[in-house]
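# Understanding the architecture of this molecule
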Amino acid sequence: MEGSSLALAVFGVSVVVLEFVWLKAVFMSAGICFLVYMGIATWRSKPAVQNGDGLFNAKKQILFAASVSLLNPHAILDTIGVIGTSSLNYVGVEKAAFSIACMLVSWIWFTGLAIAGRGIGRLGQSGRFLRFINKVSAVIMWGMAVYIVQSLV
């Protein structure tokens, strides 16, 4: 799904979204709400200890990851606003190459995150380290929400 959203951003959606100030405000407001909510949920979450209890099976994990990706207005806005806008500098083959490069970098980045997550999960089998990571992640999400608010003012 990441590739299709990047392709949409590169080939025109950014122009439409950036044309309507109110639509940009809606996306940014939704992004702020999403980040505040996810920060609270992450702060309160208690990581499962790796004994097999309460861990997502593969299907649930894929559905959760897809929902976080597809329902994340901030990521969508970044894709449209940053990648889509940057793509306006290219035409034809260069635009296609830019799109493919963005997709490859995205796949490399998220594969690296998955590998790092697995390694961190093994480090923190007691759950203390993962609770610390969750707290840091929540603070980062709230910081991003504040940053978006400041960009609206």
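Here the structure is a predicted model, which is why all the values come from computation and not from measurement.

Let us now look at the overall build of the protein. Scanning the protein from N- to C-terminus turns up six helices and zero strands. A burial count over the protein gives 25% of its 153 residues as buried.

With that settled, the discussion passes to the nonpolar core. In terms of nonpolar packing, the biggest core is built from eight residues, these being Met28, Ile32, Phe34, Leu35, Met38, Met141, Ala145 and Ile148. If you tally residues by element for this core, the top one is helix 2 (residues 21–44), at five residues.

What follows is about helix 2. Counted at 1.5 Å a residue, the expected span for helix 2 with its 24 residues is 34 Å, and the 35 Å between its end C-alpha atoms agrees. Taken as a whole, helix 2 has its buried residues at Leu23, Met28, Gly31, Ile32, Phe34, Leu35, Met38, Gly39 and Thr42.

Below, the discussion takes up the confidence of the model for the protein. Residues of the protein with pLDDT of at least 70 account for 78%, and the chain-wide mean is 78. Mean pLDDT across the elements of the protein bottoms out in helix 1 (residues 2–19) (66) and peaks in helix 6 (residues 128–152) (88).

In this fold, methionine 103 is placed in helix 5 (residues 93–123). Residue classification places methionine 103 among the partly exposed residues on the basis of a relative accessible area of 22%. When the C-alpha atoms of methionine 103 and alanine 7 are compared, they prove to be 8.6 Å apart, with 96 residues separating the residues in sequence.

This model, assessed by the stated rule, comprises two aromatic pairs. On the basis of an interplanar angle of 35 degrees and a centroid distance of 5.7 Å, the ring pair of tryptophan 43 and tryptophan 142 is categorised as tilted. In this pair, tryptophan 43 sits in helix 2 while tryptophan 142 sits in helix 6, placing the two residues 99 residues apart along the sequence. Judged by relative accessible area, which is 37%, tryptophan 43 ranks as partly exposed. Classification of tryptophan 142 as partly exposed rests on a relative accessible area of 28%. Between tyrosine 90 and phenylalanine 98, the ring centres sit 5.0 Å apart and the planes meet at 25 degrees, which makes this aromatic pair stacked.

This next bit is on the packing of helix 2 against helix 6. The interhelical angle for the contact between helix 2 and helix 6, taken along N-to-C directions, is 160 degrees, at an axis separation of 8 Å. The angle between helix 2 and helix 6 places the two elements in the roughly antiparallel class. Regarding helix 2 and helix 6, the two cross each other, and that crossing is left-handed. Class assignment for the residues of the contact of helix 2 with helix 6 results in 16 nonpolar, five polar and one charged.

The next thing to look at is a nonpolar patch on the surface. Judged by side-chain polarity, Leu123, Phe129, Phe132, Val136, Ile140, Met144 and Tyr147 come together as a nonpolar surface patch covering roughly 720 Å² of accessible area. In terms of residue count, the dominant contributor to the nonpolar patch is helix 6 (six residues). Tracing the backbone through its elements, the reader meets phenylalanine 129 in helix 6.

Over its 25 residues, helix 6 extends 37 Å from the first C-alpha to the last, a length consistent with the 36 Å expected when each residue adds 1.5 Å. Regarding helix 6, the residues found buried are Leu130, Asn134, Ala138, Met141, Ala145 and Ile148.

Calculation rules
Residues numbered from 1 in each chain as written. Predicted model: local features only at pLDDT ≥ 70, side-chain atom pairs only at ≥ 80, totals over all residues. Heavy atoms only, no water. Helix = DSSP H or I, 4+ residues; strand = E, 2+ residues; numbered from the N terminus. Buried < 20%, exposed > 50% of the residue type's maximum accessible area, 1.4 Å probe, protein only. Core = buried A, V, L, I, M, F, W, Y, C linked by side-chain atoms within 4.5 Å. Expected span 1.5 Å × (residues − 1). pLDDT = per-residue confidence, 0-100. Phe/Tyr/Trp six-rings, centres within 6.5 Å; stacked < 30°, edge-to-face > 60°. Axes fitted to C-alpha atoms, helices over the stretch in contact; angles between N-to-C directions. Parallel < 35°, antiparallel > 145°, perpendicular 65-115°, else oblique. Left-handed = near helix turned anticlockwise from the far one by under 90°. Nonpolar A, V, L, I, M, F, W, Y, C, P; charged D, E, K, R; others polar. Patch = residues over 30% accessible without salt bridge, like charges linked within 9 Å, V, L, I, M, F, W, Y side chains within 5 Å. Areas by Shrake-Rupley, 256 points an atom, 1.4 Å probe, with all protein chains shown as cover. Salt bridge = Lys/Arg side-chain N within 4 Å of Asp/Glu carboxyl O.

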